[in-house]
Structures are given as structure tokens and as C-alpha cells.
Amino acid sequence: MKASALCVVRWIIGGCFVYLGWVKTRDPVAFLKVIREFNLLQAPLLMNVVAAWLPWFECWCGLLLVLGVGVRAAAMTLAGLLAAFSIMVWLRALQLMASFDGSFCSLSFDCGCGSGEVFVCQKLLQNGCLFIGALLLVWQGAGRLALWPKVGFLKLNQS
Amino acid sequence: MRVAWLEWLFVLGLGLPLAVVLNHHLDSGIDITRDYFPDSIPQSPAASKIQPADFQAEVREAISRLERKGFSALSMDQVWFLLGSEEWKTEQIVLIDARNEAAYAAGHLPLAYRFDHYHPEEHLDEVLAACLVASQIIVYCNGGQCEDSEFAAAYLRDMGIETSKFAVLAEGMNGWLLAGHPVVLGDRQDDLIEWETILGNIELEVVQP
């Protein structure tokens, strides 16, 4: 794959995470309330940790992708987060469908993703695209304009 | 192998401590050790939001939730009546707005203290002092599914205020506005003058329709 295309993918995914993480850091209490609504984490400490640290960590990983530093590790971390987020959104959507008359794709709610109220299918599709992009970066590497392009699994395989 | 470990160490080993430090130094950061939802009653999935409309059903559910938590509920009519009373003017009856700063600035009940229990340090001294001398404390947030008023009351109760003093406006600010009741804007110290002006205008409208 062309190195310049990989660079664009890196910027898109990194930019998304920097923006969405930043939005959440502006109002961590709102994020905490959404986490509580998911009913998946019961312990206050766990909810607090996720609400307090995850947005900053998302920003950090996003920033690393934008700059092209530690790309494979950052991309793999974000792919893992995206998979976990998607499963949680899916489970929450199934919960809400119990009291919703419309179709699955017409269901919308605030998933705590930083983009406000979203349609479930749209969100899952968006996450799916970002997930594939992140896996692409894990597989192919940073591409052009990376500050630290030589560090990664390719180097590992060669050594 | 060393290089891959270095990369992971850089991403996780630097990212996680950075997140901890940034949250800690941010004014609006989360206190990891606190239980922000004391006496929380888990909602059934069916009771959770997205279904529009039935605000009254939400209010009924809020009233039953309040009863289970040991707080009494007040209706809008009761609060409206109390707003003209001498006890309210002399702060024997204290109002507490449990919403955030932006919501408070956009409109609140007259002479309501702002107390966002997620950031209690901002107004705790002032609110505690008022609660200690008050005979009744009316707490409100947005109403219906909003539980911030209950959490704020629980927080103040845990600080030593008697539970029997608390009452929650179950309809909250959403119900108040839906009913067409007026609110005051801006700082608390100007509330009384602004409120009397509003009431004066309402009386004029009634006399000269």
C-alpha cells in the first residue's frame, strides 16, 4: 500500500481520537454519567477510572498516530479500544431496543463517544471503518511523514 | 524484540501516567476515590431514556425512587407557593440547584444556591452554612430521570445535614419550564430584585391583558 495513503489513514484515525478524546476531557462528569447508564461497570472506582483516564489516553494515542510515533503499538491499542467500544454500544442498543418501537438502525442515543447522540448503525459503521484502518496501520506501518517510523514490529521481525 | 517493547512502553508507559496526571490537575477532573452516585438504584434498561414524551411517567418514577432513598418529593405547586413565603425570604427554606454552572446561569429558581455535587468544593462552605440554619431544603436538577438532586442531597446528608430537612422537586427545572413558570438569571445576589420585577410584570399582564 502506498506510503502516502497510510499517512492519510493515520491522520484520519489519529485526528478522530484526538478530537473525540478532547471533547470528553472537557466534561468528564457527562462522560461518567453515560458510563453509568451503560450498566456494565458497577464499582464506582472502575467507573471513575474509565471516565477520568480514558479520554486523555485516547488523545495521547491519537496524537501519536498523527505524529507518527510508536504507530503500531498505538494503532493496536486503538483497535482494541474500538472493538471494546463497539461491543458496548451494541449491548446498550440491545438493552434499549426492549423499550423502543422503531428499527435497530433508527435507534439513537448518546454512547459517550464524544459526538453526542448518534444512530447506532452509523456509529457501528464508523467504528468498523476506524477499526479496519487501525489494523491496516498495524499491518503496514506508519507510511510517510512519521517522526519515528523505524520503531515497530517490522523492525522486530527483521532483528 | 527490544524495539517492540520500547514502543509499547512508550505508548502505555507514558500514556497512562500522563492521563492520571492530567486528570488530577484539571479543575473539572474526576476524583477517583469518590462514589459519585451514592445510594444508587440501578435503572432497568426499559426505564432508560431515548423514548420521548412521557415526562409525567418519569416524574412518577422519580417520586418512587425518592421514597426508596428516604427523601420526600415536592410538587411544583408547593414550591411555587413557598417562593412567596417569609420563610423563603429569611432562608428558613433554602433552595439548592444541583445542576452545573452553565445550566444555573441559563435560569434558576430565585435565591437558589448552586451546588454541583460533582464539584462540591466550589460552593460547599456557603451551602453547608445555609443548610445548617434552614428548616427545609428544597433540591432540584432537571427533573424526571435526572438524579443529581438526589445525589446532592445525599452528599449534604453525609456531611451532617438531617435527612428530614430535604425535599426534592421531582419535576425539576424541565417541569418548571414546561409549566411556564419564570426563572431568574445570573448571580444569586440579584435574584430577589429580579424575581420581584418578574412577579410585578406578571401581575400587570393579569390586570391589563
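It should be emphasised that the depicted structure is a prediction, and the values quoted were computed from it without experimental measurement.

(A) How the structure looks around the overall build of chain A. Looking only at helices and strands, one finds six helices and two strands in chain A. Sequence-ordered secondary structure for chain A, helices as α and strands as β, is α-α-α-α-β-β-α-α. Rg of the C-alpha trace for chain A: 17 Å, near the compact-globule value of 15 Å for 159 residues, within the 12% margin. Expressed as a percentage of the 159 residues in chain A, the buried residues total 48%. Counting only contacts in chain A whose residues sit at least 6 apart along the sequence, the fraction spanning at least 24 positions is 66%. Averaging the locations of the 12 positively and 6 negatively charged side chains of chain A gives two centres separated by 21 Å.

(B) Broad picture of unusual backbone geometry. At B:Glu91, a position not held by glycine, the phi torsion is positive, near 65°. On the basis of relative accessible area, B:Glu91 is assigned to the partly exposed category, the value being 22%.

(C) Just the pattern of salt bridges, in detail. The final tally for this structure, using the stated rule, is 12 salt bridges over all chains. Between A:Glu58 and A:Lys24 there is a salt bridge, with its nearest N and O atoms 3.0 Å apart. On the criterion of sequence distance, the pair formed by A:Glu58 in helix 3 (residues 44-67) and A:Lys24 in helix 1 (residues 3-26) is long-range, its members being 34 residues apart. This pair shows no difference in class: A:Glu58 is buried, exactly as A:Lys24 is. Residue B:Asp158 pairs with B:Arg157 through a salt bridge whose shortest N-O separation is 3.3 Å.

(D) The interface of chain B and chain A, seen in detail. Contacts between the two partners involve 42 residues from chain B, matched on the other side by 46 residues from chain A. Summing both sides of the interface, chain B and chain A together bury roughly 3,700 Å²; the carbon and sulfur share of this comes to 71%. Inspection of the region where chain B meets chain A yields two salt bridges. Linking A:Arg36 and B:Glu147 is a salt bridge whose minimum nitrogen-to-oxygen distance equals 3.1 Å. Run the count over chain B and chain A and you get eight residue pairs in polar contact (both at pLDDT 80 or more). Counting only elements with at least two residues in the side of chain B that touches chain A, the list comes to helix 1 (2-25) and helix 7 (148-158) of chain B. If one sorts the elements of the side of chain B that touches chain A by residue count, helix 1 of chain B sits on top with 16 residues. Residue composition of the side of chain B that touches chain A, by class: 25 nonpolar, 10 polar and seven charged.

(E) The arrangement of helix 1 of chain A in detail. Given a rise of 1.5 Å per residue, 24 residues ought to cover 34 Å, and the 34 Å separating the end C-alpha atoms of helix 1 of chain A matches this to within 8%. Contact partners of the buried residues in helix 1 of chain A: helix 2 (28-38), helix 3, helix 4 (71-97) and helix 5 (120-140) of chain A.

The rules behind these values
- Residues numbered from 1 in each chain as written.
- Chains lettered and ligands numbered in written order.
- Predicted model: local features only at pLDDT ≥ 70, side-chain atom pairs only at ≥ 80, totals over all residues.
- Heavy atoms only, no water.
- Helix = DSSP H or I, 4+ residues; strand = E, 2+ residues; numbered from the N terminus.
- Rg over C-alpha atoms; globule rule 2.2 N^0.38 Å.
- Buried < 20%, exposed > 50% of the residue type's maximum accessible area, 1.4 Å probe, protein only.
- Contact = heavy atoms within 4.5 Å.
- Lys, Arg positive; Asp, Glu negative; His and termini not counted.
- Charge placed at Lys NZ, Arg CZ, Asp CG, Glu CD.
- Salt bridge = Lys/Arg side-chain N within 4 Å of Asp/Glu carboxyl O.
- Buried area = accessible area lost by both parts, 1.4 Å probe.
- Polar contact = N/O pair within 3.5 Å; in protein donor to acceptor, adjacent residues only side chain to side chain.
- Nonpolar A, V, L, I, M, F, W, Y, C, P; charged D, E, K, R; others polar.
- Expected span 1.5 Å × (residues − 1).

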